[in-house]
Amino acid sequence: MPTDVVSSQATLLDSKQLYRICELDQLSTDCQSTAELTPLDDIVGQERAQQAVEFAMGIKEKGYNIYAIGQNGLGKRTMMLRYLSRHEPSDHTLYDWCYVVNFDDTRCPKVLKLSAGTGLEFKKAVEKLMLKLVKALPLAFDNEMYYARTEKLKSQLSQKQEVALTELTEEAKQKGISLSLTMQGDYQMLALNGEEPHDEASFEALTDAERSQFESNINGLEVKLRGIIRQITEWEEEFSDKQQEHDEQVAKEVLIHFIKPLKDKFKHQPEARTFLTGMQADILDNLDIFLEESEEQLGLAYASLEKKMPRRYQVNVLVGQGTQKFPIVVEESPSYHSLFGYVENATFRGTVFTDFSLIRPGSLHKANGGVLLMDAVKVLERPYVWDGLKRALRSRKLDLSSLEREVSLSGTISLAPEPIPLDVKIILFGDHETYQLLQHYDPDFSELFRVTADFEDVMDRTAASEAHYARFISSIVHDNNNMLHCDRAAIARIIEYSSREAEDQQKLSLHSANIANLLRESNYCAKSAGSQQILVPHVEQALRNQEQRVSRLHDNIMQSFTNGTTLISTQGKVVGQINALSVISTSDHQFGMPNRITATTAFGKGEVMDIEHRVKLGGRIHSKGVLILTAYLASVLGKTAQIPLTTYLTFEQSYSGVDGDSASMAECCAIISAISEQALRQDIAITGSMNQFGEAQPIGGVNEKIEGFFDVCKIKGRTSDQGVIIPASNMANLMLRKDIVDAVAQGEFHIWAITHVTQAMELLLGKTAGSLSQTAAPSQGQYSPESIFGIAQQKLTALRSLIKAD
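Description of the structure in this document.

A word on the overall build of the protein chain. Within the protein chain, the secondary structure is distributed over 27 helices and 31 strands. Residues counted as buried form 49% of the 806 residues belonging to the protein chain.

For the rest of this paragraph, the subject is the sheet that holds strand β3 (residues 95-100). Read from one edge of the open sheet, three strands run β4-β3-β8, paired in antiparallel fashion. Looking at which strands have only one partner, the edges of the open sheet turn out to be β4 (110-115) and β8 (316-319). Averaged over all adjacent pairs, the angle separating strand axes in this sheet is 35°, with direction ignored. In the sheet, β3 pairs with β4 via six bridges, with the strands oriented antiparallel. When the sheet's bridge partners are listed, Asp 96 is paired in β4 with Leu 114. Where helix α7 (residues 270-285) meets the sheet, its contacts fall on β3 and β4, and the angle it forms with β4 comes to roughly 135°.

Right, let's talk about empty space enclosed by the protein for a bit. Applying the stated criterion to the full structure yields three cavities of 30 Å³ or more. In this structure, the largest cavity encloses a volume near 130 Å³. Around the largest cavity, the lining residues are Lys 60, Glu 61, Lys 62, Gly 63, Tyr 64, Asn 65, Leu 393, Arg 396, Leu 422, Asp 423, Val 424 and Lys 425. Broken down by class, the residue content of the lining of the largest cavity amounts to four nonpolar, two polar and six charged.

A full pass over the atoms with the stated rule returns 23 salt bridges. With a shortest N-O distance of 3.3 Å, Arg 48 and Glu 456 are connected by a salt bridge. Here Glu 456 lies in the loop between β18 (451-454) and β19 (458-460) and Arg 48 lies in helix α1 (residues 47-58), a separation of 408 residues in the sequence. Among the residues examined, Arg 48 registers a relative accessible area of 54% and is labelled exposed.

Moving on, we come to the sheet that holds strand β14 (residues 371-375). Sheets are built from strands that pair by backbone hydrogen bonding, the pairs being arranged parallel or antiparallel. Strand order in the open sheet made by the five strands is β9-β14-β17-β2-β18, with parallel pairing throughout. For this open sheet the edge positions go to β9 (328-330) and β18, each flanked by a neighbour on one side alone. The sheet shows a mean angle of 20° between the axes of neighbouring strands, taken without regard to direction. When β14 meets strand β17 (residues 425-430), the two strands line up parallel, connected through five bridges. Note on β17: the bridge partner recorded for Leu 372 is Ile 426. Relative to strand β2 (residues 66-69), helix α14 (residues 432-441) is tilted by about 140°, and along the sheet it contacts β2, β17 and β18.

Conventions and cut-offs
- Within every chain, residues take consecutive numbers counted from 1 along the sequence as written.
- Only residues with pLDDT of at least 70 are given local features in this predicted model, and only at 80 or more are side-chain atom pairs given and counted; all residues enter the totals for whole chains, interfaces and linings.
- The basis for every side-chain value is the complete set of heavy atoms in the structure, and neither hydrogens nor water enter the calculation.
- Put simply, DSSP H or I for four residues or longer makes a helix, DSSP E for two residues or longer makes a strand, and each gets a number counted from the N terminus.
- Relative accessible area decides the class of each residue, using a 1.4 Å probe on protein chains only: under 20% of the type maximum gives buried, over 50% gives exposed, and in between gives partly exposed.
- Two strands qualify as a pair provided that DSSP identifies no fewer than 2 bridges between them.
- Axes here refer to lines fitted to C-alpha atoms; in helices the fit is confined to the stretch in contact. Angles between the N-to-C directions go from 0 to 180 degrees.
- In this analysis, two residues are considered to be in contact whenever any of their non-hydrogen atoms come within 4.5 Å of each other.
- A pocket, in this scheme, is an open set of points on a 1 Å grid over the protein atoms alone with protein on both sides within 12 Å along at least 5 of 7 lines, while a cavity is a set where a 1.4 Å probe fits but cannot get out; residues line either one if an atom lies within 4 Å of a point.
- Grid points are joined across faces, edges and corners, and a volume is the space filled by probe spheres set on the points.
- In the scheme used here, Gly and all other residues not listed as nonpolar or charged are polar, with Ala, Val, Leu, Ile, Met, Phe, Trp, Tyr, Cys and Pro taken as nonpolar and Asp, Glu, Lys and Arg as charged.
- Should a side-chain nitrogen of Lys or Arg be within 4 Å of a carboxyl oxygen of Asp or Glu, the pair is scored as a salt bridge.

Here's what the structure looks like:
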């Protein structure tokens, strides 16, 4: 605003402007409680985020995962879960995922992809089959038919062996040689002297020709004997092959009898049939596993890693869907193992071993085909999780690799399971800061999380949105089974509370956690009072209880006003002293309180000495506000000559630092008062920032600031002239306490809205601000002598004259 224009008067606000009542005009008059309201299916007030989620869920290409941005307490997760559970995709196909042994390489277990809901059924069917085979196979080898066939084969072998050896024995006897065989397979050939073997003497008595003939015959017989032994070995191998063929035929008949019904049952599952065929062939190669007689040996076969065992035929159901329901998984603690799964180790009699049956699933396995929701900060906090997640999303495969193998140089034997195809939507919840860090420092982030669901903090408050919000309240009540329903008036009161939380009469807060907490505490109050519904008094009681729990600091500060420790005046007039308003915030509570600002002047060069800034208790924004008001004062009082005063400005009894520019109008009024030596009213407090033209700018925490001054006025003594000055642009933010609204309605408290700092000066100093004379150029004009600026100008002119005279 130009300095030569007289400001209009401040607007005195009516009590109806201080609080917007919820009428629920678009809610049917027949609807008297949340019991008659249909719960909300959609995400309340989050149309932008909802459209983003719908888009991401509808597109199947790689990289369309979701990053949900918003502050904590907006109910992002709750709203997302509610939406996903009620908007299940119609075109998704789910599978059961199992791991089975790889008969060619046990270190690389194979994946079975089965239709949803059949994995556990297949596992149980295979277990029953194995239990039957463990009993049936030994029985098939323990009957008269098997023994007869075996004995026949043995008899044939023995007969061949006996015939061959008998013929050789007869031939040796004809040549005068005795051939004898021992049980150990040794043989002995002796020259005969008639019917008895030659002794040494009789053999020496033979002629050289006779002895040479014996030796020649024995050598020839040895050659024939070795040939017969080779033949016997071949016959034994032939017998072993026939016995093995016989055993396999017996086992095959048993296996076909038991496995064929299983193949028929799972005829529409090609991977299951393939596994059963491979299992049948493997059992035939390892029949000895089933023919162990000792229970101890059987237990060892089930537990030992080194020996082929029945456990190799088990089915490890990693993920069983059970139904066709769309999987929605929330991972609260996304560690590497909890997300990607892991392989357990087992111990049997001091031996540590592992196999495919010890593979355990992670959240990504469970969410495969659906959605996995996680907190972004928790994902980034845990080692190797973010890299592993990116690798899985890029490859669209779930590779269950050992974390220990990845991060160490150890050569420990471990499994290398076949990867599982991955089809999952990842939804990360995080704030704007985390989102910006990922965008800036990780180039893969934008490629993998292409959809941003930006959650709003507030929504517009209209008659239609109030009715919509009432359904949102109903959905919270219905989601909590033991919660009482709210009556119509209680719904309206909760909506008014939401508007107060949004700090805007035209907005509703979307911090659903606060609404849900209020409903739970109101429900507690209602049940404690024996009520059948949540009524307005119960909501009010819950709000009082909330404030009581977190108001220790507020009470301590108010006590300092009561006992006079903190100096404040709420009556009378003082030069260079004004009551400004500030907000104190803790982690879960904020409240307002007045602060005394004082300004003094001394001979100088027109500068404003900000004491807070000099002692480093003032923040940058506060310092900027002081410089802005300095510029405004210079434009008003220093157009023709430099202001020959230095003003010292400070917040009294402030020891913890000051920031923000919401006190700049108060500081400006204090400086004008000090220069003009006109007293400021102490029964009026002021809040608001200003620009270089003196225009009032909006500030935050206006409700808390007004309530803080009102409370101090009650402590110091109420008068009917007390009130607060606020920027007119903050009028829409007013949702004040009922006692203040009532006080304003009865004329016992006042709230003025201003558009220019001069309007505040006129209220506080009781004089017009003044305007420049129209008879002279603005740079040489004079303010009317009775005005505030005129008085200040006269004092500055007199001071300049005094300086010149000296």
